[in-house]
Amino acid sequence: TKYRAIPTIIDGIRFASKKEARRYTELKLLERGGAITDLTRQPKYEIIPSVILDGKKQRPVHYIADFRYFDKQTSQEVIEDVKGIQTPDFKIKRKAMMATHKIEVKLI
């Protein structure tokens, strides 16, 4: 792949990298133990709405995180992204998440 990540399958789910698959396993254990709830994979957020440009409708821009869950200890929703390399696109989308949704993306 582009960043030398090795796709990995766990529980019949394909993950983009071993690191992301490992984090999923950790989060599943935390969920079973009751520390977190409502674990979701790949939640999607609109960060730029669709617009009309030169008479043509342009699609909205979305950010798709790796994981979302509710942390019982802090009573907060947590959005995580597992990255080996922080790409320029990711840095922009992370800032856009804060600006549009007031959500800080936790980098793993």
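As the structure is a computational prediction, the values presented were derived from the model and not from experiment.

(A) Spatial organisation of the pattern of salt bridges. Per the counting criterion, the structure on display carries five salt bridges. Between K28 and E31 there is a salt bridge whose closest N-O contact spans 3.4 Å. Residue K28 and its partner E31 are located together in helix α1 (residues 18-33), separated by three residues, close to a single helical turn. Judged by its relative accessible area of 25%, E31 is partly exposed. Two residues, D81 and K83, come together in a salt bridge whose shortest N-O distance is 3.5 Å. One continuous salt-bridge network, built from bridges that share partners, spans R23, E26 and E80.

(B) Looking closely at the sheet that holds strand β3 (residues 36-41). If you walk across this open sheet you meet the four strands as β3-β8-β9-β10, and the pairing is mixed. Since the sheet does not close on itself, it has two edges, and those belong to β3 and β10 (105-107), each with one partner. On average, each strand axis in the sheet is tilted by 30° relative to the strand beside it, whichever way the strands run. Across three bridges, the pairing between strand β9 (residues 76-81) and β10 is parallel. Residue pairing in the sheet places I79 in a bridge with V105 of β10. Running over the sheet, α1 touches β3, β8 (67-71) and β9 and is turned about 150° from β3. Lying on the sheet, helix α2 (residues 88-101) is in contact with β9 and β10; it crosses β10 at an angle near 140°.

(C) Region of interest: the packing of aromatic side chains. Scanning the entire structure with this criterion turns up two aromatic pairs. Here the aromatic rings of F15 and Y24 are separated by 4.9 Å at their centres, their planes lie at 40°, and the arrangement is tilted. Pair check on accessibility: F15 and Y24 agree, each one buried. Here a set of aromatic residues connected by ring pairs shows up, and it is made of F15, Y24 and F67.

(D) Fine view of α1. End to end, α1 covers 23 Å across 16 residues, agreeing with the expected 22 Å (1.5 Å per residue, within 8%). Residues of α1 that are buried include every one of E20, A21, R23, Y24 and L27, and no others. All buried residues of α1 fall inside an arc of 160° around its axis, so they share one side. Facing away from the buried side of α1, by more than 90 degrees, are the exposed residues L29, R32 and G33. Looking one or two residues past α1, G34 carries a phi angle of roughly 90°, positive in sign.

Cut-offs used in this document
Residues numbered from 1 in each chain as written. Predicted model: local features only at pLDDT ≥ 70, side-chain atom pairs only at ≥ 80, totals over all residues. Heavy atoms only, no water. Salt bridge = Lys/Arg side-chain N within 4 Å of Asp/Glu carboxyl O. Helix = DSSP H or I, 4+ residues; strand = E, 2+ residues; numbered from the N terminus. Buried < 20%, exposed > 50% of the residue type's maximum accessible area, 1.4 Å probe, protein only. Pairing = 2+ DSSP bridges. Axes fitted to C-alpha atoms, helices over the stretch in contact; angles between N-to-C directions. Contact = heavy atoms within 4.5 Å. Phe/Tyr/Trp six-rings, centres within 6.5 Å; stacked < 30°, edge-to-face > 60°. Expected span 1.5 Å × (residues − 1). Arc of directions from axis to C-beta.

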